[in-house]
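Structure at a glance
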Amino acid sequence: MPLRAAFPVHLTALAALGILAGCSSPRQPATAAVKLVADPSLLSIAEQAKPGMLGAAVLNLRTQRSSSVNGDVPMPMQSVFKLPLSIYVMHLAEQGKFSLDEKVTLTRSDLSIFYSPITDAFDTRQVYTVRDLVLASVTDSDNTAADWLLERVGGPKALTQFFQNRGFRRFRVDRFEHELQPESVGLPLNSGRMPNADAYRRYRSEVPVKVRKAGMQRYLSDPRDRMSANDAVRMLAMLDAGELLNLAHTEELMNALLETGSGPNRLRGGVPGGALVYHKTGSSADVEALNGATNDIGIIALPDGTRLAVAAFLSGSSLPAKDRERLLARVAGFATRPHPDM
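Note that the structure is predicted; figures quoted are calculated from it, not measured.

1. Some points on the overall build of the protein chain
Helix and strand counts for the protein chain come out as 13 helices and 12 strands. Evaluated residue by residue, the protein chain yields a buried proportion of 56% over its 342 residues. Residue pairs at least 24 apart in sequence account for 70% of intrachain contacts in the protein chain once pairs closer than 6 positions are excluded. Summing over all exposed atoms, the protein chain offers an accessible surface of approximately 13800 Å²; the carbon and sulfur share of this is 52%.

If you want it as structure tokens, here you go:
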């Protein structure tokens, strides 16, 4: 699985110098963020999310000033967790625990549902490198790749501990995708190992709506597998500043984030022309118009050199998908407008 985009040269060169793109001042430590009261515009977006909850945060990576709404509330991550997972995998590779070029032969017992192009292609391909699985997890949001990587690094507890030890107290991963996805809609855990997406969809459709809705309600009140918007933007800031990975791995991971194809109408839908969005989405199923999570987090690089870390987590919404995505796009629009105090 080749790297599908060239990392912008100006970002690579400036990262080596520790200087923000388009800015002559050195990077500030990512831990120096100053929390501000949420801007009225951001509060208005959150109001429109009700009765669902929007947790959103914006951090200017030059000034280190931020604004958030429900920013410290742990929100369901869904596939957003694959970004911190990939950071941890690359960190362990830097520590010599294994090589990203290590070859992996997947078996049927490794396959996860749903969503997984690797599962769908299993009959024709079983061999990947660890790097292939990292890129598939980030860019394609592949659940088989994520579950294999999570097992390889010691499971959810090891991943959680790595980030909590670095101050991310509102971040936790508790389940593999093959456990979380069926459980969130009231299905038995073993259904997450079904042979393909069509089989999973058929099985899910046969489960009574009442059972699936109860599963979704449990998921929405479950404290597991969550992250706050403020923790998300600080993680993005630390990644951008080279505080989590070396330059080569930061560049490689940012390439993958730039190529994320999902959620084109979320953060990417609210940025001005010429902006680049390095992002990771997360999405859950709907049960009777109740959505568990519609998320997007990422770095927005504006043409003038401004760089912003933005996180938007929308949970428990009954809005149609296009309206949920429009709310996330509005968060990006808010982030990219000039703000005198940011």
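2. Section: the environment of Ala275
Relative to the elements of secondary structure, Ala275 occurs in the loop between α12 (247-258) and β9 (276-283). Judged by its relative accessible area of 17%, Ala275 is buried. Not counting residues up to four positions away in its chain, the partners in contact with Ala275 are Ile300, Ala301, Leu302 and Pro303.

3. Description of the pairing of β9
Within β9, six of the eight residues are buried, leaving the element largely enclosed by the surrounding structure. As judged from the eight bridges shared by β9 and strand β11 (residues 290-301), these two strands associate in the antiparallel manner. Residue pairing in the sheet places His279 in a bridge with Gly298 of β11.

4. Section: the packing of helix α8 (residues 177-184) against helix α10 (residues 209-221)
Interaxial distance between α8 and α10 falls to 7 Å at its minimum, and their mutual angle equals 120°. Taken together, the axis directions place α8 and α10 in an arrangement best described as oblique. Judged by residue contacts, Leu180, Glu183 and Ser184 of α8 engage Gly215, Met216 and Tyr219 from α10.

5. Observations regarding the confidence of the model for the protein chain
This prediction gives the protein chain a mean pLDDT of 89; 89% of its residues lie at or above 70. Of the regions scoring below 50 in pLDDT, residues 1-28 engages in 58 contacts with residues more than four places distant in sequence or in other chains.

6. Observations regarding the packing of helix α3 (residues 82-94) against helix α5 (residues 130-139)
At a minimum axis distance of 9 Å, the contact between α3 and α5 shows a crossing angle of 160°. When the interaxial angle is binned, α3 and α5 end up roughly antiparallel. Seen from above, α3 lies across α5 with left-handed handedness. Counted together, Lys82, Ser86, Val89 and Met90 of α3 and Val130, Val134, Ser137 and Val138 of α5 form the full contact between these two elements. Among the residues making up the contact of α3 with α5, the classes are represented as five nonpolar, two polar and one charged.

The rules behind these values
- Residues numbered from 1 in each chain as written.
- Predicted model: local features only at pLDDT ≥ 70, side-chain atom pairs only at ≥ 80, totals over all residues.
- Heavy atoms only, no water.
- Helix = DSSP H or I, 4+ residues; strand = E, 2+ residues; numbered from the N terminus.
- Buried < 20%, exposed > 50% of the residue type's maximum accessible area, 1.4 Å probe, protein only.
- Contact = heavy atoms within 4.5 Å.
- Areas by Shrake-Rupley, 256 points an atom, 1.4 Å probe, with all protein chains shown as cover.
- Pairing = 2+ DSSP bridges.
- Axes fitted to C-alpha atoms, helices over the stretch in contact; angles between N-to-C directions.
- Parallel < 35°, antiparallel > 145°, perpendicular 65-115°, else oblique.
- pLDDT = per-residue confidence, 0-100.
- Left-handed = near helix turned anticlockwise from the far one by under 90°.
- Nonpolar A, V, L, I, M, F, W, Y, C, P; charged D, E, K, R; others polar.

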